[in-house]
Amino acid sequence: EAQVTQNPRYLITVTGKKLTVTCSQNMNHEYMSWYRQDPGLGLRQIYYSMNVEVTDKGDVPEGYKVSRKEKRNFPLILESPSPNQTSLYFCASSLRPLGVQPQHFGDGTRLSIL
Amino acid sequence: TQLLEQSPQFLSIQEGENLTVYCNSSSVFSSLQWYRQEPGEGPVLLVTVVTGGEVKKLKRLTFQFGDARKDSSLHITAAQPGDTGLYLCAGAPTSNTGKLIFGQGTTLQVKP
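Scoring rules and cut-offs
- Residues numbered from 1 in each chain as written.
- Chains lettered and ligands numbered in written order.
- Predicted model: local features only at pLDDT ≥ 70, side-chain atom pairs only at ≥ 80, totals over all residues.
- Heavy atoms only, no water.
- Helix = DSSP H or I, 4+ residues; strand = E, 2+ residues; numbered from the N terminus.
- Buried < 20%, exposed > 50% of the residue type's maximum accessible area, 1.4 Å probe, protein only.
- Contact = heavy atoms within 4.5 Å.
- Pairing = 2+ DSSP bridges.

A.B. asks: I'd love a proper account of unusual backbone geometry, names of residues and values included.
C.D. replies: The omega torsion of the bond from Asn-7 of chain A to Pro-8 of chain A falls at -5°, within 30 degrees of zero and hence cis. Looking at the element boundaries, Pro-8 of chain A is found in the loop between β1 (4-7) and β2 (10-13). In this structure, Pro-8 of chain B follows Ser-7 of chain B across a cis peptide bond, with omega equal to -10°. Checked against the element boundaries, Pro-8 of chain B lands in the loop between β1 (5-7) and β2 (10-14). Its identity as a non-glycine residue notwithstanding, Asn-28 of chain A has a phi of 60°, on the positive side. Here Asn-28 of chain A is to be found in the loop between β3 (19-25) and β4 (31-38).

Have a look at this one:
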């Protein structure tokens, strides 16, 4: 089944403790992206990747890192999480970079930073 | 930063009523997408509009892209309880094919 898989789905952690949210897609998609969703703000793009070893900042990249060492995986790293990074995070992929390509979203990761 | 203003943010209507959701910007987009999101799940694409003035229909849902490609609307005819959910518009800026700008979302509740 074609899908985007995020792990973990839920995580409660403390300020400053490094964490990684994994994202994997099995559709051989070139493009991958991370978003955070907060009430009243919709989805905001954190980072995106046009292809392997190519990453760029979205609108809210501060406090996050990403890597794209292989096509299927696009992990989101929070080196020193803070409470303002408490949010619902989504990973998405599409066959090619955006425009008319549909994005396929994972089911989300709910992060709580205490 | 380009913005997409989506309105209304909340809508509660009775089954059978019609409704329209709007997405407006001062910037031009190369394309605009509409997604629907259910609780506990990621957004799912409903439609992509690309050409100014384009109209697409998906059963009782009608999507329109403004002539200047700065705005879009979603019209639902005879809403059903199954239409309940969060509707999101998302625009691809003309200057950057990697970015996607989302509106704030419209939470629709259709009561039986």
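A.B. asks: Quick one: what's the story with the environment of Phe-65 of chain B, residue by residue and with numbers?
C.D. replies: Residues and elements named next belong to chain B. Examined against the element boundaries, Phe-65 turns out to sit in strand β7 (residues 61-65). Given the relative accessible area of 0%, Phe-65 is considered buried. With 42 residues separating them in the primary sequence, Phe-65 and Cys-23 have C-alpha atoms 9.5 Å apart. For Phe-65, the contacting residues outside a window of four places in its chain are Phe-29, Ser-31, Leu-32, Val-49, Val-50, Thr-51, Gly-52, Gly-53, Glu-54, Asp-71 and Ser-72.

A.B. asks: How would you summarise the pairing of β3 of chain A if you had to cite specific residues and measurements?
C.D. replies: Consecutive residues of a regular strand have side chains that alternate between opposite faces of the sheet. All names here are of chain A. With five of its seven residues buried, β3 lies for the most part within the structure. In this sheet, β3 lies alongside β1 in antiparallel orientation, the contact comprising four bridges. Bridge pairing in β3 places Thr-5 opposite Ser-24. Direction of pairing for β3 relative to strand β8 (residues 76-78): antiparallel, over a ladder of three bridges. Note on β8: the bridge partner recorded for Thr-20 is Ile-77.

A.B. asks: Explain the pairing of strand β8 (residues 71-76) of chain B to me, using residue names and the numbers behind them.
C.D. replies: Residue and element names in this part refer to chain B. Bridge count between strand β3 (residues 19-24) and β8: six bridges; the pairing is antiparallel. Along β8, the bridge assignment pairs Val-21 with Leu-74. Strand direction decides the pairing type here: β7 and β8, joined by five bridges, are antiparallel. Its bridge partner being in β8, Phe-65 is matched across the sheet by Ser-72.

On their own, these measurements won't tell you what the molecule is for.
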